[in-house]
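Observations on the three-dimensional arrangement
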Amino acid sequence: MSYLFEKLVIFMKYKILGRRFYFCEEPWTGIFSVRSNGDVRCCPCYAQVKIGNIYESSMHEIWNSEELIKMRKAFRKGELPNVCKGQLCPVVVGNKL
(Lines give C-alpha, C1' and ligand atoms only; values in the text may rest on other atoms or scores of the structure.)
Protein backbone atom coordinates (compact mmCIF):
# COMPACT_ATOMS: atom_id res chain seq x y z
CA MET A 1 0.00 0.00 0.00
CA SER A 2 1.40 3.40 -0.91
CA TYR A 3 2.22 5.92 1.80
CA LEU A 4 -0.36 8.44 0.55
CA PHE A 5 -3.10 5.81 0.38
CA GLU A 6 -2.19 4.62 3.87
CA LYS A 7 -2.38 8.20 5.16
CA LEU A 8 -5.79 8.68 3.49
CA VAL A 9 -7.16 5.48 5.05
CA ILE A 10 -5.99 6.55 8.50
CA PHE A 11 -7.41 10.06 8.00
CA MET A 12 -10.81 8.65 6.98
CA LYS A 13 -10.82 6.34 10.02
CA TYR A 14 -10.29 9.34 12.28
CA LYS A 15 -13.03 11.31 10.51
CA ILE A 16 -15.51 8.44 10.93
CA LEU A 17 -14.63 8.05 14.62
CA GLY A 18 -14.77 11.81 15.13
CA ARG A 19 -11.20 11.95 16.39
CA ARG A 20 -8.60 14.52 15.50
CA PHE A 21 -5.92 13.53 12.98
CA TYR A 22 -2.47 14.96 13.68
CA PHE A 23 0.28 15.24 11.12
CA CYS A 24 3.52 17.20 11.02
CA GLU A 25 6.28 17.03 8.42
CA GLU A 26 9.03 18.14 10.80
CA PRO A 27 10.32 14.63 11.65
CA TRP A 28 10.89 13.97 7.92
CA THR A 29 11.74 17.36 6.41
CA GLY A 30 11.98 19.64 9.37
CA ILE A 31 14.31 22.21 10.70
CA PHE A 32 16.98 20.94 13.03
CA SER A 33 19.15 23.10 15.23
CA VAL A 34 22.65 22.33 16.44
CA ARG A 35 23.64 23.80 19.78
CA SER A 36 27.19 24.89 20.61
CA ASN A 37 27.69 21.69 22.65
CA GLY A 38 26.76 19.61 19.56
CA ASP A 39 23.21 18.69 20.62
CA VAL A 40 20.89 18.33 17.63
CA ARG A 41 17.26 19.25 18.23
CA CYS A 42 14.18 18.64 16.12
CA CYS A 43 11.45 21.28 16.14
CA PRO A 44 13.67 24.03 17.61
CA CYS A 45 10.78 26.52 17.84
CA TYR A 46 8.46 24.38 19.96
CA ALA A 47 9.24 20.93 21.37
CA GLN A 48 13.03 21.21 21.10
CA VAL A 49 13.45 17.43 21.16
CA LYS A 50 17.06 16.31 21.49
CA ILE A 51 17.68 13.68 18.82
CA GLY A 52 21.44 13.33 19.11
CA ASN A 53 24.80 15.02 19.32
CA ILE A 54 27.11 15.64 16.34
CA TYR A 55 30.17 14.93 18.47
CA GLU A 56 28.86 11.55 19.60
CA SER A 57 26.84 10.23 16.63
CA SER A 58 26.89 10.21 12.85
CA MET A 59 24.22 12.06 10.87
CA HIS A 60 22.78 8.67 9.91
CA GLU A 61 22.42 7.74 13.59
CA ILE A 62 20.89 11.12 14.43
CA TRP A 63 18.43 10.93 11.50
CA ASN A 64 17.38 7.48 12.70
CA SER A 65 17.36 8.28 16.41
CA GLU A 66 14.85 6.52 18.63
CA GLU A 67 13.01 9.75 19.47
CA LEU A 68 12.68 10.81 15.83
CA ILE A 69 11.43 7.35 14.86
CA LYS A 70 8.82 7.48 17.64
CA MET A 71 7.62 10.86 16.35
CA ARG A 72 7.41 9.58 12.78
CA LYS A 73 5.46 6.48 13.80
CA ALA A 74 2.95 8.49 15.84
CA PHE A 75 2.34 11.06 13.10
CA ARG A 76 2.05 8.30 10.52
CA LYS A 77 -0.84 6.88 12.55
CA GLY A 78 -2.42 10.33 12.97
CA GLU A 79 -1.50 10.48 16.64
CA LEU A 80 0.22 13.25 18.55
CA PRO A 81 3.62 12.14 19.92
CA ASN A 82 4.09 12.50 23.67
CA VAL A 83 6.90 15.03 23.21
CA CYS A 84 4.50 17.29 21.31
CA LYS A 85 1.67 17.27 23.84
CA GLY A 86 1.20 20.62 25.55
CA GLN A 87 3.11 22.54 22.87
CA LEU A 88 1.71 25.66 21.24
CA CYS A 89 2.77 24.78 17.71
CA PRO A 90 0.27 25.02 14.82
CA VAL A 91 -0.15 21.22 14.61
CA VAL A 92 -1.16 20.91 18.26
CA VAL A 93 -3.46 23.94 18.40
CA GLY A 94 -5.26 23.00 15.21
CA ASN A 95 -3.65 24.87 12.34
CA LYS A 96 -1.64 23.26 9.58
CA LEU A 97 2.10 23.63 9.70
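Residues numbered from 1 in each chain as written. Predicted model: local features only at pLDDT ≥ 70, side-chain atom pairs only at ≥ 80, totals over all residues. Heavy atoms only, no water.

Evaluated as defined, the whole model comprises 4 salt bridges. Put simply, D39 and K50 hold a salt bridge, and the shortest N to O gap is 3.3 Å. Of the two residues, D39 is situated in strand 2 (residues 39-42) and K50 in strand 3 (residues 49-53); the sequence distance between them amounts to 11 residues. K50 gets classed as partly exposed once you look at its relative accessible area, which sits at 41%. Within this structure, D39, R41 and K50 form a network of salt bridges that share partners. (Salt bridge = Lys/Arg side-chain N within 4 Å of Asp/Glu carboxyl O. Helix = DSSP H or I, 4+ residues; strand = E, 2+ residues; numbered from the N terminus. Buried < 20%, exposed > 50% of the residue type's maximum accessible area, 1.4 Å probe, protein only.)

A few words now on the environment of V34. Along the polypeptide, V34 turns up in strand 1 (residues 32-34). Sequence separation between V34 and K50 is 16 residues; the distance between their C-alpha atoms is 9.6 Å. For V34, the contacting residues outside a window of four places in its chain are D39, V40 and I54. (Contact = heavy atoms within 4.5 Å.)

Here we come to the nonpolar core. By size, the foremost hydrophobic cluster in this structure holds 17 residues, and its most contacted members are C42, I51, M71, F75, L80, C84 and V91. Those elements giving two or more residues to this core turn out to be strand 2, strand 3, helix 4 (66-76) and helix 5 (90-93). The greatest single-element share of this core, amounting to 3 residues, is contributed by helix 4. (Core = buried A, V, L, I, M, F, W, Y, C linked by side-chain atoms within 4.5 Å.)

As enumerated under the stated definition, the model contains 3 aromatic pairs in all. Arranged with centres 5.5 Å apart and planes meeting at 20°, the rings of F23 and W28 form a pair that is stacked. Overall, the relative accessible area of 28% leaves W28 in the partly exposed class. Here the aromatic rings of F23 and F75 are separated by 6.4 Å at their centres, their planes lie at 70°, and the arrangement is edge-to-face. Of this pair, F23 sits in the loop between helix 1 (3-17) and helix 2 (26-29) while F75 sits in helix 4, placing them 52 residues apart in sequence. For F75, a relative accessible area of 1% corresponds to the buried category. Within the aromatic cluster, the residues linked to one another by ring pairs are F23, W28 and F75. Its end group placed over the ring of W63, R72 keeps NZ or CZ at 4.4 Å from the ring centre. (Phe/Tyr/Trp six-rings, centres within 6.5 Å; stacked < 30°, edge-to-face > 60°. Lys NZ or Arg CZ within 6 Å of the ring centre and 35° of its normal.)

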